[in-house]
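Letter by letter, the chains look like this.
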Amino acid sequence: MKKLAVFLFLAIVISGTAVLPKSLSAQTELLKSATIVTDVATAESLGEDFVMSGSDAIIFVEMSDFHEIIEKYQAKAVIFCLEKQNFEKLAKTLKLQKMSKVSLEEIEVEYYYTPLFSESYLSQGRKINAEVAWRGDEVVIGFPSIVTGY
């Protein structure tokens, strides 16, 4: 399992810039928070506080600032938090198709594909471009993956 997680992380980092589905813009009221993973130079140019993770910078942004930032700067991954009851509406809008599921201790992790997101990676011969972690009443969804941890 650890080898698969390392492979998936490396595949995501190598894949480059994340381009979010346009239909996500209309659903931001469903989202509680956003995290952008990018390179250090981009994070520094934003002038926002960020956390280093290897060669990546992790920026926690307010939903009110998210669209302005993501339109101007490149992201390797984008991670959102939302409440469990809002997931089905978001999944329908994004046309998420479940590809697989894994249970990790007390967290359920599901892997999805959406035709609305341009980036993807292969896992067990299937295209994946969204990862969802269920923790209690909160859902974390990452495009193309949750590279910051659950």
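The text that follows walks through the structure, step by step, so that each part is easy to find.

The rules we used
Residues numbered from 1 in each chain as written. Predicted model: local features only at pLDDT ≥ 70, side-chain atom pairs only at ≥ 80, totals over all residues. Heavy atoms only, no water. Helix = DSSP H or I, 4+ residues; strand = E, 2+ residues; numbered from the N terminus. Buried < 20%, exposed > 50% of the residue type's maximum accessible area, 1.4 Å probe, protein only. Contact = heavy atoms within 4.5 Å. Pairing = 2+ DSSP bridges. Phe/Tyr/Trp six-rings, centres within 6.5 Å; stacked < 30°, edge-to-face > 60°. Salt bridge = Lys/Arg side-chain N within 4 Å of Asp/Glu carboxyl O.

1. Here's the deal with the side chain of Thr-35
- Following the sequence through the fold, Thr-35 ends up in strand E1 (residues 31–39).
- Among the residues examined, Thr-35 registers a relative accessible area of 10% and is labelled buried.
- Discounting chain neighbours no more than four positions away, the residues touching Thr-35 are Ile-58, Ile-59, Phe-60, Ala-77, Val-78, Ile-79 and Thr-148.

2. Looking at unusual backbone geometry
- Omega for the peptide link from Phe-143 to Pro-144 comes to -5 degrees, which places this bond in the cis form.
- Phi is positive for Lys-95, which is not a glycine, with a value near 55 degrees.
- Its place among the elements puts Lys-95 in the loop between helix H4 (87–94) and strand E5 (97–104).
- The backbone phi angle of Gln-124 is positive, close to 55 degrees, even though this residue is not glycine.
- Looking at where Gln-124 falls in the secondary structure, it is placed in the loop between strand E7 (121–123) and strand E8 (126–128).
- Using a relative accessible area of 70% as the deciding quantity, one classes Gln-124 as exposed.

3. A word on the pairing of strand E9 (residues 130–135)
- Of all six residues making up E9, five are buried, and the element is well covered by its neighbours.
- Pairing between strand E6 (residues 107–113) and E9: five bridges, direction antiparallel. Within E9, the position partnered with Val-109 by the bridge is Ala-133.
- Alignment of E9 against strand E10 (residues 138–143), held across five bridges, turns out to be antiparallel. If you follow Glu-131 over to E10, its bridge partner there is Gly-142.
- The turn joining E9 and E10, which pair antiparallel and follow one another in sequence, is formed by two residues; a positive phi near 60 degrees is taken by Gly-136.

4. Quick word on the packing of aromatic side chains
- Tallied over the entire structure, the rule returns five aromatic pairs.
- On the numbers, 5.4 Å between centres and 55 degrees between planes, the contact of Phe-117 with Phe-143 is tilted. Placement of Phe-117 in the loop between E6 and E7 and of Phe-143 in strand E10 is noted, with a sequence separation of 26 residues between them.
- What makes Phe-117 buried here is its relative accessible area of 2%.
- The class of Phe-143 is buried, set by a relative accessible area of 0%.
- Three or more aromatic residues joined by ring pairs form one cluster here, namely Phe-66, Phe-80, Phe-117 and Phe-143.

5. Topic: the pattern of salt bridges
- Enumeration according to the criterion identifies six salt bridges in this entry.
- For Glu-138, the salt bridge goes to Lys-32, with nearest N and O atoms at 3.2 Å. Linking Glu-138 in strand E10 with Lys-32 in strand E1, this pair joins segments that are 106 residues apart in sequence.
- Exposure remark for Lys-32: the relative accessible area of 46% places this residue in the partly exposed category.
- Taken together, the shared-partner salt bridges connect Lys-32, Arg-135 and Glu-138 into one network.

Honestly, that's just the spatial picture; any functional story needs more than this.
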